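Below, each chain spelled out in residue letters.
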Amino acid sequence: MRNFFCLTVLMAVLLLVNGCKPSENEAKEITVTWELVSNFTDTENGFEARFNLVNNGDLALDDKNWALFFNMSPRPILAAKTPQPGTVQHINGDWYKLTPNAGFSLKPHAATEIRYWGTEGVIKNTDAPMGLYFVFYDKDGKEENVVEVANYRVLPFVRKEQQLRGKADQLPLQTAAKRYQDNLALSLLPANQLPLIIPSPVKLTTSPGTFTLDNKQTIFYGNGLENEANLLSEKLKTLTGTSFNVKTATANDKGIVLKTGPVAVNGIAKEAYTLQIDANGVTITGSDAAGVFYGTQSLLALIPPQTYLNPTASVALNYVQVEDAPRFHFRSMHLDVSRNFQTKESVLRMLDLLAFYKVNHFLLYTTEDEGWRIEIDGLPELTQVGAQREHTAGGMAAPVLHPAYGSGPKAKDETKHGSGFYTKADFIEILKYANARHIKVIPELNFPGHARAAIKSMEARYERLMKEGKEKEANEYRLIDPEDKSVYLSAQAYKDNVVSVARESTYHFYEKVVDEIAKLYQQAGLKLDTFHAGGDEVPEGVWTKSPQAAQLLKENPAVKDPKNLQSYFFGKLLKRLEKRNLSIHGWEEVALTKSPEGKYLPNPAFVGKNVVPYIWNNIYDLDLGNRLANAGYPVVLCNVTNFYFDLAYNNDPLEPGLYWGGFVDTRANWTFAPFDMFKTTYRTSMGQPLNFAGLEKMKPEARKNVIGLEAQLWSETVKGRDMMEYYSLPKLLGFAESAWSPERAWETIENRDAREKAIQTGWNAFANALAQRELPRLATLNGGYNYRIPMPGAILENGTLKANVEYPGLSIRYTTDGSEPTAQSTLYTKPVAVFGNVKLKSFDAAGRSSRTAVLQ
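Figured I'd write up the structure that's included with this text. Predicted model, so just to flag it, every value in this text is computed and none were measured.

## Let's talk about the sheet that holds strand E33 (residues 826-828)
Stage number 1. If you trace the four strands from one edge of the open sheet to the other, you get E33-E32-E35-E36, paired in antiparallel fashion. Two strands lie at the open edges of the sheet, namely E33 and strand E36 (853-855), each paired on one side alone. Neighbouring strand axes in the sheet, compared pairwise and without regard to direction, differ in orientation by 35° on average.
Stage number 2. Where strand E35 (residues 838-843) lies against E36, three bridges are found, and the strand directions are antiparallel. From the neighbouring strand, lysine 839 faces E36, where its bridge partner is valine 854.

Right, dumping it as structure tokens:
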């Protein structure tokens, strides 16, 4: 009886204790709604937003037992303008939390609203809080449960004050009527007036006659071209459903002949080729294997898109003669897989796409604040810690990567994109796959900033080894000065993402990573000869309160100021990497130094030392690319206003992407004059006119210093393969035209009106080619890509529907009963009288469609 009584008391106590701990089901009964109230506040460039919490369960929230954590496109938070039940606080990067103020109470079946204010306007769904989760605390303030929010909704951005970034935003709103007006400048062209190959070759001539391409034709390859022949054979098998024989070439072969020879086009004898289709078959002659490969891609481009949509055993090809070579040898795509991870398979698909459009470099961005994505021998924490994101009770100080970009509280959550890395075998496979397609993969390690994943990984290593009593080993790769009290905020709002430049272990770590990556190249049968060192966005205030940095400055008085330690670091690192015979690439800051006032100036110290800066900033420092090229640096142009694929196509709230540098569409990718960038960029990110008066133009003799162009895809808002492809296509095609094709005539027209007229003529032809040839092909190429089709423009005039498309050749289908248009809906062919709720979509020949445009 006594034992029963004791057991009863024990069970009662356990029930009491567990009854106080919020269950996951109870927590999931809390509904969260978020709304952007307005960007037109009494604070310049400010915004007001609000959370609504509705408690549909039996769990009571008070002023101590909960906090709501989330990620949000980083914005400074202002003090509340009126008393609120809770407070939004910035923690680090894009990690925020909402905590209750004194006296807060949210009882079961009650609701509350919490408003907050910040700076930098918010206009897109992709800006909204994401990855929300509650943390519940016991009476002592200790975490006892972490529960993801199950019911969360972002209210739509429908009002002007929600869709513009405040009074300074001069850009018009995206509406069907605006699209209609914009599209009036375009017109449908017949197929015989379209570019047959993108990027456009130097010279293409056609002649009467057709050649039948089928598997009766053998692919003959010359010395060293077996790889190119096999890749072509694979593609032709997909297109025809039949296998093509591949044989070593002999004299007088007829069929499909791949060979090398003395080819030079426009004075360029690298990657050049000729392609001839006539009665004897197909002959591709390249100046090298890369030239032959690009000739095969042009052959594949000449195959009609209908064949890609409906494979047939034989294909009729018109007789044609192509002479071609690239304008720039360096044509690159940057892909950030650190902030949000992309699988190996997705990367391989991207490489196939780049190869088809003749892009020959791939900057694979595997290290950042939010993730380390490549396995490194001897440093397991880089992937054990640096490749995972999760909630941490220790906040910023813990040797863990906190949630970012909506990755949620759980590590290795396969439904999100915060965790993952490439094994050594994965990376080697990527290298081999790229090399077979004549793409050079450039690895990177971004130091001294953007280094949080490395820092936290090495802190975890330090703690592990210190616990084992191995102090020397613990410090071998440590990256911070533990006594550094410097206060700073990076461009992405991090407070702890910069390494110590005063520690020898920082340089030792860098060398270790470079050497291990070089081994992976060797195992892939390649040589690592180019490395990207990052070097961008080191914030003001770093190293100012670091004892180690202070000692370094004392020992090196010529450095003078902590703001000069970035150049000091790069110079010291460069000497070590030079011993490895590496060409060092980096963002523009690696070639800059700061004046006493903090202004960036070209740094002559690294001219002629195999340092290649990538210039992205043509919106806040308008002539920087010109100044660095004029200073003698070989430069890669990756202008934010033209080549940042992660910037949204436009300011439609449902169009995903960033916009700090403005909006970038396919036309912006295509419209680029590399030697006179002022000719194609007219306005700020807010739509206000730019003034180029007094700025430095590129000198004619400096044009040779522009070694090429690069497109960027940063992944803050890119979640998974489909989004990666949507952001990239069809922008990539416009970029490829700018990087490969010869100078367009409009690039040298000084009169703006005449230049704009010539640009519009060229763009009209390109836009037609997108709709009529390229997009339908992309539906099946390499298994099919998730490309973007623009919404139609439309207006109602006195009950008459008028509609048009951004890419002539797309079709429009519409409904008037409120249903979603499908491929079977009414085809729009001319203005038509309509009644009711009109919905429209653009369609391509593959049956893919745009989002829905609504007229009421």
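## Quick look at the pairing of strand E14 (residues 255-260)
Stage number 1. Pairing between strand E12 (residues 219-221) and E14: three bridges, direction parallel. The partner of phenylalanine 220 across the bridge, within E14, is valine 257.
Stage number 2. With six bridges joining them, E14 and strand E16 (residues 281-286) adopt parallel strand pairing. Residue pairing across strands places lysine 259 opposite threonine 285, the latter belonging to E16.

## Quick look at the pattern of salt bridges
Stage number 1. Considering all chains together, one arrives at 56 salt bridges under this definition.
Stage number 2. With a shortest N-O distance of 2.9 Å, glutamate 148 and lysine 416 are connected by a salt bridge. You can see glutamate 148 sitting in strand E9 (residues 143-148) and its partner lysine 416 sitting in the loop between helix H9 (381-384) and helix H10 (424-436), a full 268 residues away along the chain.
Stage number 3. For glutamate 148, a relative accessible area of 21% translates into the label partly exposed.
Stage number 4. Accessibility expressed as a relative area gives 22% for lysine 416, which makes it partly exposed.

## Points about the packing of helix H8 (residues 344-356) against H10
Stage number 1. At their nearest, the axes of H8 and H10 sit 10 Å apart, and the two run at 10° to each other. As far as their axial angle goes, H10 and H8 are roughly parallel. Contacts between H8 and H10 involve Lys344, Val347, Leu348, Leu351 and Asp352 on the former and, on the latter, Asp426, Glu429, Ile430, Tyr433 and Ala434.
Stage number 2. For the contact of H8 with H10, the residue count by class is six nonpolar, no polar and four charged.

Rules used in this analysis
- Sequence order as written defines residue numbering, which begins from 1 separately in each chain.
- Restriction of local features to residues with pLDDT of at least 70 applies here, the model being predicted, together with a cutoff of 80 or more for giving and counting side-chain atom pairs; totals for whole chains, interfaces and linings are based on all residues.
- Heavy atoms from the whole structure form the basis of all side-chain values; hydrogens and water molecules are not counted.
- If DSSP finds at least two bridges between two strands, the strands pair.
- Secondary structure counts use DSSP, requiring at least four H or I residues in a row for a helix and at least two E residues in a row for a strand, with both numbered from the N terminus.
- Axis lines are fitted through C-alpha atoms, for helices just across the contact stretch, and the angle between N-to-C directions can take any value from 0 to 180 degrees.
- The term salt bridge refers to a pairing of a side-chain nitrogen on Lys or Arg with a carboxyl oxygen on Asp or Glu at a separation within 4 Å.
- Per-residue accessibility, obtained with a 1.4 Å probe over protein chains only, is compared with the maximum for each type, and a residue is labelled buried under 20%, exposed over 50%, and partly exposed between these values.
- An angle below 35 degrees is treated as roughly parallel, one above 145 as roughly antiparallel, one from 65 to 115 as roughly perpendicular, and anything else as oblique.
- Here, two residues are considered to be in contact whenever any of their heavy atoms come within 4.5 Å of each other.
- For this scheme, ten residues count as nonpolar: Ala, Val, Leu, Ile, Met, Phe, Trp, Tyr, Cys and Pro. Four count as charged, namely Asp, Glu, Lys and Arg, and the remainder, Gly too, count as polar.

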